[in-house]
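Residues per chain are reported as follows:
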Amino acid sequence: GAGVSQSPSNKVTEKGKDVELRCDPISGHTALYWYRQSLGQGLEFLIYFQGNSAPDKSGLPSDRFSAERTGGSVSTLTIQRTQQEDSAVYLCASSLAGPTYEQYFGPGTRLTVT
Amino acid sequence: AQSVAQPEDQVNVAEGNPLTVKCTYSVSGNPYLFWYVQYPNRGLQFLLKYITGDNLVKGSYGFEAEFNKSQTSFHLKKPSALVSDSALYFCAVRWGLYNNNDMRFGAGTRLTVKP
C-alpha cells in the first residue's frame, strides 16, 4: 500500500519568508509525528498528533513553528519568518496508536533557507 | 530520566564480517525498543522491534537484535555484513503508557561496510 508522502521534496526559500510543508500519512494511522534532522544528524522531535486529542507541541523550537492536522489525516507544518538555522530535513512519520507500534517515515522535505 | 544512547558515532567493518551496532537505554518500567535504518537521502525505515517475549528478535535484511535486561542493551547484529548495509542506524525506545508520545531516538551510528 501507499506509504507516508511528503511535499515538496526540496524547498529553497529566502530568509524571512514563510514556508508550508505537507505530510500525507498512511491511511488508518491515527498518530502523526514531525521531526527535524540536521545534516546527517539525529532526530529532533517537533510535534505529535494523536486522533482528536490536543497535539503535543513540546518540541517546537519557537513560536515561528506551527502545525495542524485536518480531518485526522493530512498535516501541514508551517515555519514563519524562516531563519538560516531552520535549514534541515523535516521528516514526517505516522503509526497506529499505542507505544508498541513502529513509525513509518516519509522521505522528508529538505529545506534550505538562503 | 528516560534516555537511549548509541555509544559509537561510527562503525567500520569489512564485507562478510559480523557487525554489531550498540544501543543502551534507561527507562523506568518496561521498554519497547526499535531499530531504524536510514539510507542516503531517504527517510527512516523500520528494521525490527522488541516488545515482549523472546529476547532475540529477527528483522528485515538479515538483521537481528538481542534484548538484554540486565545490561539494559539492545544491540543490532548481522552475521555477515554487506556493502549495501552501509547506512545510518537509529535505536529508539518507548515506555509503556498507552497513547503516549514518550519516544526517544539515539543520536545514530553510521555503519560503513568496506569491500
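Our structure is the block above this text.
Residues numbered from 1 in each chain as written. Chains lettered and ligands numbered in written order. Predicted model: local features only at pLDDT ≥ 70, side-chain atom pairs only at ≥ 80, totals over all residues. Heavy atoms only, no water.

A.B. asks: Can you help me understand the overall build of chain B in this one?
C.D. replies: A tally of helices and strands in chain B yields 0 helices and 12 strands. Going from the N terminus to the C terminus, chain B shows its helices and strands as β-β-β-β-β-β-β-β-β-β-β-β. A compact globule built from 115 residues should have a C-alpha radius of gyration of about 13 Å, and chain B, at 14 Å, falls within 12% of that. The C-alpha extent of chain B, read off along each of the three principal axes, is 45 × 30 × 20 Å. A buried classification covers 45% of the 115 residues belonging to chain B. For chain B, the exposed area adds up to about 5,500 Å²; of that, 48% sits on carbon and sulfur atoms. The positive charge centre, built from 11 side chains, and the negative charge centre, built from 8, are 4 Å apart in chain B. (Helix = DSSP H or I, 4+ residues; strand = E, 2+ residues; numbered from the N terminus. Rg over C-alpha atoms; globule rule 2.2 N^0.38 Å. Buried < 20%, exposed > 50% of the residue type's maximum accessible area, 1.4 Å probe, protein only. Areas by Shrake-Rupley, 256 points an atom, 1.4 Å probe, with all protein chains shown as cover. Lys, Arg positive; Asp, Glu negative; His and termini not counted. Charge placed at Lys NZ, Arg CZ, Asp CG, Glu CD.)

A.B. asks: Would you take a moment to explain the interface of chain A and chain B for this structure?
C.D. replies: Accessible area lost upon the coming together of the parts serves often as the stated size of an interface. Taken residue by residue, the interface counts 23 residues in chain A and 23 residues in chain B. Interface area, chain A with chain B, both sides summed: about 1,800 Å², of which 54% is carbon and sulfur. Considering only the side of chain A, the residues that lose the most area to chain B are Pro99, Thr100 and Glu102 of chain A, jointly responsible for 31% of the buried surface there. Between the two partners, chain A and chain B, sit 1 salt bridge. Salt-bridge contacts for lysine 49 of chain B lead to glutamate 102 of chain A; the nearest nitrogen and oxygen are separated by 2.7 Å. Counting residues per element, the ones that place at least two in the side of chain A that touches chain B are strand E4 (31–37) and strand E5 (43–50) of chain A. Take the side of chain A that touches chain B: its biggest share by element is 4 residues, from E5 of chain A. When grouped by side-chain class, the residues that make up the side of chain A that touches chain B number 11 nonpolar, 9 polar and 3 charged. (Contact = heavy atoms within 4.5 Å. Buried area = accessible area lost by both parts, 1.4 Å probe. Salt bridge = Lys/Arg side-chain N within 4 Å of Asp/Glu carboxyl O. Nonpolar A, V, L, I, M, F, W, Y, C, P; charged D, E, K, R; others polar.)

A.B. asks: Before we go on, may I ask you to explain the side chain of serine 75 of chain A in this structure?
C.D. replies: Residue and element names in this part refer to chain A. Checked against the element boundaries, serine 75 lands in strand E7 (residues 75–79). Since its relative accessible area comes to 0%, serine 75 is described here as buried. Ignoring any residue separated from it by four or fewer positions in sequence, one finds serine 75 in contact with Leu21, Arg22, Cys23, Leu32, Trp34, Phe49, Glu68 and Arg69.

A.B. asks: Would you mind going over the sheet that holds strand E3 (residues 19–24) of chain A with me for this structure?
C.D. replies: Each strand in a sheet pairs with another by means of backbone hydrogen bonds, the pair being arranged parallel or else antiparallel. All names here are of chain A. Strand order in the open sheet made by the 4 strands is E1-E3-E7-E6, with antiparallel pairing throughout. A single partner strand is all that each edge strand has here, and the edge strands are strand E1 (5–7) and strand E6 (65–69). The mean angle between the axes of side-by-side strands here comes to 15 degrees, regardless of whether they run parallel or antiparallel. Where E3 meets E7, 5 bridges bridge the pair, whose relative direction is antiparallel. What sits directly across from glutamate 20, in E7, is threonine 78. (Pairing = 2+ DSSP bridges. Axes fitted to C-alpha atoms, helices over the stretch in contact; angles between N-to-C directions.)

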